[in-house]
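Below are the chains, spelled out letter by letter.
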Amino acid sequence: CSQASRSQSRKSPGGGPPASRDRAGWAVLGAMRPDRASGPLVVGGRSAGARVACRTAAAVGAGAVLALSFPLHPPGHPERSRATELRLPGVDGIPVHVVQGHRDAFGTAEEVRAELAHGSTVDEVPGTHSLERSAALVAAVALTRLARF
């Protein structure tokens with residue numbers, strides 16, 4: 001599913017405060033998995049959606065998080081770190097796997113790796129925050145990681 005801003009072709013995620021995005025994520029999850037089918041639940045998203053997945057993983061009973069292009073900080077502002085959100089699942093023993101573009105202005109794979117909890121991983125792929133030019137590789141990496149969860 002896409003956040004409202006993505007489907008309305010807005011560049012910035014907007015969508016209100018994080019708590020409202022988190023509630024929207026829970027609603028989507030409930031609609032998609034009402035019977036809580038067997039197997040581990042992996043929550044994930046790209047960019048702002050990755051932040052939502054990290055903040056809500058424990059509350060929804062996730063076994064893992066798959067974060068594509070986690071926005072560790074605004075471009076050019078590493079002092080405004082969102083590392084606390086990235087580390088949240090690890091507090092509850094939930095592993096996070098990040099797929100990050102080599103030239104991501106929102107945080108490099110090395111910066112992200114330095115902030116992750118033990119048991120979490122990062123795969124670096126060619127490209128920027130959008131991951132558009134590496135879509136096939138991102139899909140292959142994500143499927144490989146999902147198979148391990």
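Heads up: these notes are all about the structure in this document. (Residues numbered from 1 in each chain as written. Predicted model: local features only at pLDDT ≥ 70, side-chain atom pairs only at ≥ 80, totals over all residues. Heavy atoms only, no water.)

Let's talk about the overall build of the protein
Thinking step 1. Along the backbone of the protein there are six helices and four strands.
Thinking step 2. Seen in sequence order, the protein has helices and strands lined up from the N terminus as α-α-β-α-β-α-β-α-β-α.
Thinking step 3. For the protein, with 149 residues in total, the buried portion stands at 40%.
Thinking step 4. In the protein, 57% of the contacts between residues at least 6 apart in sequence involve partners at least 24 apart.
Thinking step 5. Total accessible area on the protein stands at roughly 8100 Å², and carbon and sulfur atoms take up 56% of it. (Helix = DSSP H or I, 4+ residues; strand = E, 2+ residues; numbered from the N terminus. Buried < 20%, exposed > 50% of the residue type's maximum accessible area, 1.4 Å probe, protein only. Contact = heavy atoms within 4.5 Å. Areas by Shrake-Rupley, 256 points an atom, 1.4 Å probe, with all protein chains shown as cover.)

With respect to the side chain of serine 69
Thinking step 1. Within the element layout of this structure, serine 69 appears in the loop between strand 2 (64–68) and helix 4 (83–91).
Thinking step 2. Of the polar contacts made by the side chain of serine 69, one reaches the backbone oxygen of histidine 129; its length is 2.7 Å.
Thinking step 3. Those residues in contact with serine 69 that lie beyond four places of it in its chain are Arg46, Ser47, Val99, Gln100, Asp104, His129 and Leu131. (Polar contact = N/O pair within 3.5 Å; in protein donor to acceptor, adjacent residues only side chain to side chain.)

Thoughts on the sheet that holds strand 2
Thinking step 1. The parallel open sheet is built from four strands, whose spatial order is 1-2-3-4. Each having just a single partner strand, strand 1 (42–46) and strand 4 (121–125) make up the two edges of the open sheet. Taken pair by pair, the neighbouring strands of this sheet meet at an average axis angle of 15°, ignoring direction. (Pairing = 2+ DSSP bridges. Axes fitted to C-alpha atoms, helices over the stretch in contact; angles between N-to-C directions.)

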